[in-house]
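Reading the structure
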Amino acid sequence: MKKHVLSSLGLFLLLLSVINHSYAEDGYRLWLRYDQVQDPAKLKAYRQAIQEVVVPGNSPTLSVAQQELKMGLSGLLGKPVPVSQKPSQRNTLVAGTPASSALIKDLGLGDKLKTVGDEGYLLLTANKKGKKYTVIAANTDIGVLYGSYHFLRLLQTQQDISKLSLASAPKTKHRVLNHWDNLDRTVERGYAGFSLWDWHKLPTYIDQRYIDYARANASIGINGTVLTNVNANALVLTEEYLKKVKALADAFRPYGLKVYLTARFSAPIEIGGLETADPLDPKVQAWWKKKSDEIYSYIPDFGGFLVKANSEGQPGPQNYGRSHADGANMLADAVAPHGGIVMWRAFVYSNEEPEDRAKQAYNEFKPLDGQFRDNVMVQVKNGAIDFQPREPFHPLFGAMPKTPIMMEFQITQEYLGQATNLVYLAPMWEEVLDEDTYAEGEGSTVAKVIDGTLNGHRLTGMAGVANIGTDRNWTGHQFGQANWYAFGRMAWNPYLSSEEIAEEWIKMTFSNQEELVEKLEDMMLNSHETLVNYMTPLGLHHIMGWSHHYGPGPWIKDKHRADWTSVYYHRADEKGIGFDRTKTGSNAVAQYFPPVAEKYGNVEKTPEKYLLWFHHLPWDYKVKSGRTLWDEMALRYQGGVDSVRQMQQTWNALEGKIDPERFKHVQTFLEIQEQEAEWWRDAVLLYFQTFSKRPLPEGVEKPEHTLEYYMQLDPKFVPGI
Ligand code: BDP
């Protein structure tokens, strides 16, 4: 009897928790939450418009679309939505292609569908024989899935769906996450736990995480994933691992997510028993061809290779006196018969100490324009140094018109506070994409280089170094999810504004409540500038802690490579500070097209945000505010700290409007961020003060400790190395 009572109590509690959705709000659900629409009028309208879901056909991708629509709509509408193969209600949601759905075929969408290509879709409202249809139509199954996610997003963000007439198609072809994941499950520059790929249990055990990862990617149109670190391990190309890779590829396939691997250039020696990896050696070429055939025998839709060669000690064609093009083309030939591509990175720098590292990639790659095979893309980081909090755009954009150039952004915040700092990265990416390269005259924006329209390339893409790991919330910081989201959205459409993306994400992740959306949007949009201010204002760069890049380290010097030290980049002395990249210095500005070179070469015309990137200036140099450079710099550091405190206030005022678990999580992370911002301000200003010999201007808080104190701090076991 007692037992019986307990079990009914248990059942009751379980039911209660299901009704109340009282599971842990740990962020696992990302932006795919599908909680019931709160606005009663909208809810009513949605319930009326969607009385059933019809997704005819049973291909793996259509099945996924059907499941997602059923789950999403049942959650959003707060009641089960019936799914059938044929319409039976007055108001039906139909999703499919002309091949999978007779109704969609009958609608005669031929011409409209032509405009959306292989991955795009239409969302339409149609009336037929007295019935109303909401239609998700595409040419392919994956288009249907993408359209389904878009449709769900309309409800999640409470849009009007009564008269839909919308078309969307991706502007870039390869929208790819780069995981810097090692086979031992550590993640280089990863701050969200370990690698998702549980190699030890693969190929047999398929973790639910793989599926949820694929869902999340499909929901924002990401269609490729490079599973392994650019600092590559040849082992992943052995039979044992390829079987594991196949299992992941099989799990991801229904979601349109292709798998790629990093190719270690010396693999023919390391796992192939050859004596050389010379790309012009026929035995080496034959080895890669055979290896590629083997990979494709496991994974028929394998995407191809990502390669880091002759950079930071990685082997490459230059070891044999060959060029990057020779290396890339050899691999391209190996995957070409199977439709694969090669993404060859331009993040290179040689072992000799450079005059200016910012110039190297351009110097090495520009002369190779026109020498790459058709299935090669050169993957270029947004800036010429290395994912700094802010960098001017890379001079290679626009400089290689005959070569498809792929953008590489870093979603993981290696140099931007890692996982504990709230930084929404989309404004930074937008800033780069909007820049005018002047390659083909005015209006030759970086976005046009990337989407191929500037030089008529059809092979296009964007890569993002992933911030994802085994943390329950995937990205370490709840707001890190916004960067994953924004990357996918911008890869789909590089012309989207960071504002609209933030708004979508907030509504899907937190709530549609106006005041909350406004406040969080404001906080997110200012967060990048805030971080730049407390870390590297006015064009300063690369002054982070040694090797792990955590915390301030402007004093770093005397390491085995000058260009890995901070003093190399800030060049502070008693007279002034900054890296002279004009004619009187390294002349890196000459790598840009004339109007840009002229702008950055002229201190008056250089935007203040890049001042010390391009110029070495005296401490008393007058900036636009009328202050001296020293005062301005000090006030920017203080301003950064103040803005973090402002974020804290904004967030704290939202208590009660956000579930307690995520509220607390972000609240404590903001405390860490405040401490770190103060640490940056104090350490950097004390250090530069030893050169400027000027007092801190009024309004700047007095540092808590001495410079010696900050210099001896030596954080151990920083994640992500
Ligand atoms: C740097 C990272 C290093 C990467 C390298 C790269 O510090 O871990 O291997 O970039 O992109 O930012 O290859």
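Residues numbered from 1 in each chain as written. Predicted model: local features only at pLDDT ≥ 70, side-chain atom pairs only at ≥ 80, totals over all residues. Heavy atoms only, no water.

Section: the overall build of the chain
- Across its full length, the chain holds 23 helices and 16 strands.
- If you line up the chain on its principal axes, its C-alpha atoms span 80 × 65 × 60 Å.
- Among the 721 residues that make up the chain, the fraction classed as buried is 62%.
- Of all intrachain contacts in the chain linking residues separated by at least 6 positions in sequence, the fraction that spans at least 24 positions is 73%.
- Summed over all atoms, the accessible surface of the chain reaches about 27800 Å², with 52% contributed by carbon and sulfur.
- If the 77 positive side-chain charges of the chain are averaged to one point and the 86 negative ones to another, these points end up 7 Å apart. (Helix = DSSP H or I, 4+ residues; strand = E, 2+ residues; numbered from the N terminus. Buried < 20%, exposed > 50% of the residue type's maximum accessible area, 1.4 Å probe, protein only. Contact = heavy atoms within 4.5 Å. Areas by Shrake-Rupley, 256 points an atom, 1.4 Å probe, with all protein chains shown as cover. Lys, Arg positive; Asp, Glu negative; His and termini not counted. Charge placed at Lys NZ, Arg CZ, Asp CG, Glu CD.)

Thoughts on the sheet that holds strand β12 (residues 376–381)
- Read around the closed barrel, the 8 strands follow the order β7-β8-β9-β10-β11-β12-β13-β14; overall the barrel is parallel. Each strand axis lies, on average, 25° off the axis of its neighbour in the sheet, ignoring direction.
- Direction of pairing for β12 relative to strand β13 (residues 405–410): parallel, over a ladder of 4 bridges. Residue K381 lies in a different strand from β13, and its bridge partner there is E408. (Pairing = 2+ DSSP bridges. Axes fitted to C-alpha atoms, helices over the stretch in contact; angles between N-to-C directions.)

Let's talk about the environment of G193
- Relative to the helices and strands, G193 is located in the loop between β7 (174–178) and α7 (208–219).
- We classify G193 as partly exposed; its relative accessible area is 33%.
- Taking the C-alpha atoms as reference, G193 lies 8.5 Å from P719; in sequence the two are 526 residues apart.
- If we skip the residues at most four places from it in the chain, G193 touches V187, T470 and D471.

Description of the side chain of D659
- One can find D659 in the loop between α21 (629–652) and α22 (660–692).
- The exposure class of D659 is buried, given its relative accessible area of 17%.
- Within polar-contact distance, the side chain of D659 engages the side chain of R662 at 2.8 Å. (Polar contact = N/O pair within 3.5 Å; in protein donor to acceptor, adjacent residues only side chain to side chain.)

With respect to the sheet that holds strand β2 (residues 83–84)
- Strands sit in the order β2-β1-β3-β5-β4-β6 across an open sheet of 6 strands; the sheet is mixed. Looking along the sheet, the strands with just one partner apiece sit at the ends: β2 and β6 (165–168).
- As judged from the 7 bridges shared by strand β4 (residues 121–128) and strand β5 (residues 131–137), these two strands associate in the antiparallel manner. When the bridges of β5 are listed, T125 appears paired with T134.
- Helix α6 (residues 141–156) contacts β3 (91–96), β4, β5 and β6 of the sheet and is inclined by roughly 75° relative to β4.

Side note on unusual backbone geometry
- The peptide bond linking L202 to P203 adopts the cis configuration, its omega dihedral lying at 5°.
- As for its position among the elements, P203 is in the loop between β7 and α7.
- Notably, L30 is not glycine yet its phi reads approximately 55°, a positive angle.
- Structurally, L30 can be placed in the loop between α1 (2–20) and α2 (40–49).
- For L30, a relative accessible area of 4% translates into the label buried.
- The phi angle at E312 is positive, at roughly 50°, despite the residue not being glycine.
- Among the secondary structure elements, E312 is positioned in the loop between β10 (304–307) and α11 (324–335).
- Using a relative accessible area of 29% as the deciding quantity, one classes E312 as partly exposed.

A closer look at the domain arrangement of the chain
- The domain boundaries assigned to the chain delineate domain 1 (2–168), domain 2 (174–505) and domain 3 (533–579 + 616–712).
- Its C-alpha centre places domain 1 at a distance of 47 Å from the equivalent point of domain 3. (Domains from an automatic or database assignment.)

Digging into the UniProt feature "domain: Glycosyl hydrolase family 67 C-terminal" (unreviewed entry) in the chain
- UniProt feature "domain: Glycosyl hydrolase family 67 C-terminal" (unreviewed entry): in the numbering of this structure it lies at residues 475–700.
- Annotated as 53% helix and 2% strand, the span residues 475–700 places its first and last C-alpha atoms 33 Å apart. (UniProt positions renumbered as here; feature names shortened; annotations may be inferred.)

Structural notes on the UniProt feature "domain: Alpha glucuronidase N-terminal" (unreviewed entry) in the chain
- The UniProt record marks residues 30–151 with the feature "domain: Alpha glucuronidase N-terminal" (unreviewed entry), using the residue numbering of this structure.
- The straight-line gap between the two end C-alpha atoms of residues 30–151 is 17 Å; of that span, 40% is helix and 21% is strand.

Here we look at the confidence of the model for the chain
- With 97% of its residues at a pLDDT of 70 or more, the chain shows a mean pLDDT of 95.
- Taken as a whole, residues 1–19 scores under 50 in pLDDT and shows 1 contact with residues more than four places along the chain or in a different chain. (pLDDT = per-residue confidence, 0-100.)

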